[in-house]
Amino acid sequence: MITRRKLLRHLSATPVIGSLFGTGIWSSSVFGRSVEKAKTRDLFEELGVTPVINAGVTMTFLSGSLMRPEVMEAINSTSHDFANMHELQDRVGEKIAEMLKVEAAMVTSGAACAMVLGTAATITGTDEEKRLLIPNLPGPRPEVIMQKSHRYVFDQAITTTGARIVEVEGPEEMEKAFTENTVMALFFNAAGRSSISHEQFVEIAKRHQVPSFIDAAADVPPVENLFKYQKIGFDLITFSGGKMIRGPQSAGLLYGRKDLIEAAKLNHSPYEAPIGRPMKVNKEELFGMYAALKAYLELDHDAEWQEWLDRADRIRTQLETIAGVQGETHISPGPANAFPSLLVSWDQEKVKITPREVYDALKAENPSIVTNVRRMEGGQSQLSVGVVLLRPEQVDYVAKRIKSILVKAES
Ligand SMILES: *Cc1c(COP(=O)(O)O)cnc(C)c1O
């Protein structure tokens, strides 16, 4: 028997680590050690990267979300062994489908990738030749129907497949828009304005036997939204993994109809050459996404909501000790970012600084604190302080920093 300690001693005396491979006993000790070492190493400092305190909402350019401890545990505890990626995607997908009460599911490289793969699935099905040719299929371009008011920056993912977008306004126009080239109908959940309701949209698409897809990437909380759209009848649904579900930022969920998920998998890595090959999800992200969703579903959502309200209150109380400063908890109506934040305003005769200047000052600090400026009607603005992405110990720190900037501006 070689004990862990003996192995570690052996390791430090062995110049060529490779010589240990093949003994079958290297994994946890070797990688366990390197993980322990990583904890004491400050890579932010080593690389000169400014750490950010996110007093806003999940933003892709601010690295999305912080992964839950369960996710880090899944990543670390599975990094020691290889896996067959087909098998792993299948098993993870089955579990996710079970959790979300749908036929099938898969982990994608973010919601944007889910949109590419979902669209590709409706174009190629399981046809081997088509999936090797896409996005350069012969013949007329496949068509995806969208409401005019739903056009957005992410629909580039649709045209990436070679499809073109056909815009409609209202149920009647949608009804007439179907041709023999129509492959899918896409609904952007957070569009704000819809000329066709979810139910009508699904019903019309079904009548024409065309799959409907809903992009609800940023639309939890509430957790119920993860179950809502399959009940309405959407065939494909996507959510980002790296927003409020707090999985890996580069992971996402695609779920719904089994035949379409199977076709989407064929268009993805680890198959070689299909359209999704550059949108690979790694093994740890697959395990991590599963762990993130499981933890998110098991969370006490009421307690979390109350914690967010308490945080907003806590910051408000500290800021309102300054004369003329007022805070108000605001709950965004959603569907994206539907959670509380604190809106702060002040009498600028007394506290001579604008919300924009406070925003800039906080952002320039190290660690950088990123808030938002919310413009109101009449040209006024407020400082919006997000609370849901703060680590517990950052709540008072953020309050203290804002307070110090406001106090300095007092006349
Ligand atoms: C964030 C977002 C996406 C992209 O999601 P990723 O997971 O970052 O790929 C797509 N659609 C909407 C509405 C989003 O908010």
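Residues numbered from 1 in each chain as written. Predicted model: local features only at pLDDT ≥ 70, side-chain atom pairs only at ≥ 80, totals over all residues. Heavy atoms only, no water.

1. What about the overall build of the chain?
Note the following rule: Helix and strand assignments come from DSSP, with helices taken as H or I runs of at least 4 residues and strands as E runs of at least 2, each series counted from the N terminus. The cut-offs for exposure are 20% and 50% of the maximum accessible area for each residue type, with area from a 1.4 Å probe on protein chains only; residues under the lower value are buried, those over the upper are exposed, and the others partly exposed. The contact definition used throughout considers only heavy atoms, calling two residues in contact when any of these lie within 4.5 Å.
For the chain, the helix and strand inventory stands at 16 helices and 13 strands. In terms of overall dimensions, the chain has C-alpha extents of about 75 × 70 × 35 Å along its principal axes. Evaluated residue by residue, the chain yields a buried proportion of 48% over its 411 residues. Across the chain, every contact between residues at least 6 apart in sequence was considered, and the portion connecting residues at least 24 apart equals 68%.

2. Re the domain arrangement of the chain
Definition in use: Note that domain bounds follow an automatic or database assignment of domains. Summed over both partners, the accessible area (1.4 Å probe) lost when two parts come together is defined as the buried area. The salt bridge definition used is simple: a Lys or Arg side-chain nitrogen within 4 Å of an Asp or Glu carboxyl oxygen. The nonpolar class holds Ala, Val, Leu, Ile, Met, Phe, Trp, Tyr, Cys and Pro. Asp, Glu, Lys and Arg form the charged class, and all remaining residues, Gly among them, are polar.
Per the domain assignment, the segments making up the chain are domain 1 (17-57 + 301-408) and domain 2 (70-297). Of note, the centres of domain 1 and domain 2, computed from C-alpha atoms alone, are 31 Å apart. Each partner contributes residues to the interface: domain 1 has 14 residues there, and domain 2 has 11 residues. For the pairing of domain 1 and domain 2, the buried interface totals around 1,100 Å² over both sides, and the portion due to carbon and sulfur atoms is 69%. At the junction of domain 1 and domain 2, the tally comes to zero salt bridges. Counting only elements with at least two residues in the side of domain 1 that touches domain 2, the list comes to α2 (27-39) and α14 (301-319). At four residues, the largest contribution of residues to the side of domain 1 that touches domain 2 is made by α2. Classifying every residue of the side of domain 1 that touches domain 2 by side-chain character gives 10 nonpolar, four polar and no charged.

3. Digging into the site of the ligand
Definition in use: By convention in these notes, a residue is near a molecule or strand provided one of its non-hydrogen atoms lies within 4 Å of it. Contacts described as polar in this section are N or O atom pairs within 3.5 Å, which, within protein, must combine one atom able to donate a hydrogen with one able to accept it, while residues neighboring in sequence count only if both atoms come from side chains. Accessible surface area values rest on a Shrake-Rupley calculation with a 1.4 Å probe, where residue burial reflects the displayed protein chains alone.
Around the ligand, the structure places Gly 110, Ala 111, Ala 112, Phe 154, Phe 188, Asp 215, Ala 217, Ala 218, Ser 240 and Lys 243. Within the side chain of Asp 215, one N or O atom sits 2.7 Å away from a nitrogen atom of the ligand. Contact with the protein chains covers 85% of the free accessible surface of the ligand, which is 380 Å². With three residues, the single largest contributor to the shell around the ligand is helix α6 (residues 110-124). A breakdown of the residues in the shell around the ligand according to their chemical character gives six nonpolar, two polar and two charged.

4. Considering the pairing of strand β5 (residues 182-188)
Within a regular strand, side chains alternate between the sheet's two faces. To keep it simple, the criterion reads: We call two strands paired when DSSP finds no fewer than two bridges between them.
With seven of seven residues buried, β5 is to be regarded as a mostly interior element. Note that strand β3 (residues 143-147) and β5 share four bridges and pair parallel. Its bridge partner lying in β5, Met 146 is registered against Leu 186. Pairing between β5 and strand β6 (residues 212-215): four bridges, direction parallel. Counterpart to Phe 187 in the pairing with β6 is Ile 214.

5. Topic: the packing of helix α5 (residues 85-100) against helix α13 (residues 283-298)
The condition that has to hold: The axes are straight lines fitted to the C-alpha atoms, using for helices just the contacting stretch, and the angles between their N-to-C directions are given from 0 to 180°. Should an angle fall under 35 degrees it is called roughly parallel, over 145 degrees roughly antiparallel, and 65 to 115 degrees roughly perpendicular, with every other angle called oblique.
With their axes 10 Å apart at the nearest point, α5 and α13 run at an angle of 10 degrees to one another. Taken together, the axes of α5 and α13 are roughly parallel relative to one another. Residues Met 85, Leu 88, Gln 89, Val 92, Lys 95, Ile 96, Met 99 and Leu 100 of α5 lie in contact with α13, whose contacting residues are Lys 283, Leu 286, Phe 287, Tyr 290, Leu 293, Lys 294 and Leu 297. Its residues placed into classes, the contact of α5 with α13 shows 11 nonpolar, one polar and three charged.

6. A few points about the packing of α6 against helix α12 (residues 258-266)
It is the contact of α6 with α12, at a shortest axis distance of 8 Å, that shows an interaxial angle of 105 degrees. Comparing the axis directions of α6 and α12 gives the class roughly perpendicular. Contact residues: α6 offers Leu 117, Ala 121 and Thr 122, while α12 offers Leu 260, Ala 263 and Ala 264. For the contact of α6 with α12, the class distribution of residues is five nonpolar, one polar and no charged.

7. Quick notes on the environment of Met 67
Take Met 67: it is sitting in the loop between β1 (52-54) and α4 (69-78). According to the relative accessible area criterion, Met 67 is partly exposed, its value standing at 33%. Considered as a pair, Met 67 and Val 351 are 284 residues apart in the sequence and their alpha carbons are 38 Å apart. Residues within four places of Met 67 in sequence aside, it is in contact with Met 72, Ile 75, Arg 246, Gly 247 and Pro 248.

8. Quick notes on the packing of aromatic side chains
Aromatic ring pairs are reported here in terms of the distance separating the ring centres and the angle at which the planes meet. The line we're drawing: Each aromatic pair joins two rings of Phe, Tyr and Trp (for Trp, the six-membered one) with centres within 6.5 Å, and gets the label stacked for planes under 30 degrees apart, edge-to-face for over 60, and tilted for any other angle. Each ring is checked for a lysine NZ or an arginine CZ that lies within 6 Å of its centre and within 35 degrees of its normal; such an atom marks a charge sitting over the ring.
Applying the stated criterion across every chain yields a total of nine aromatic pairs. Each ring, one from Phe 187 and one from Phe 201, has its centre 5.1 Å from the other, and the planes form 80 degrees; the classification is edge-to-face. Residue Phe 187 is located in strand β5, and its partner Phe 201 is located in helix α10 (residues 198-207); the two are separated by 14 residues in the primary sequence. With respect to class, Phe 187 is no different from Phe 201; both count as buried. Among the aromatic residues, those joined into a ring-pair cluster are Phe 187, Phe 201, Tyr 229 and Phe 234. If you follow Arg 131 out to its NZ or CZ, it ends over the ring of Tyr 271, 5.1 Å from the centre.

9. Some remarks on the pairing of strand β8 (residues 252-256)
Counted residue by residue, β8 has five buried out of five residues, so it is predominantly covered. Side-chain alternation along β8 places Gly 252, Leu 254 and Gly 256 on one buried face and Leu 253 and Tyr 255 on a second face that is also buried. Of the strand pairs in this sheet, strand β2 (residues 104-108) and β8 are connected by five bridges, and their pairing is antiparallel. Pairing of Met 106 across the sheet is with Leu 254, part of β8.

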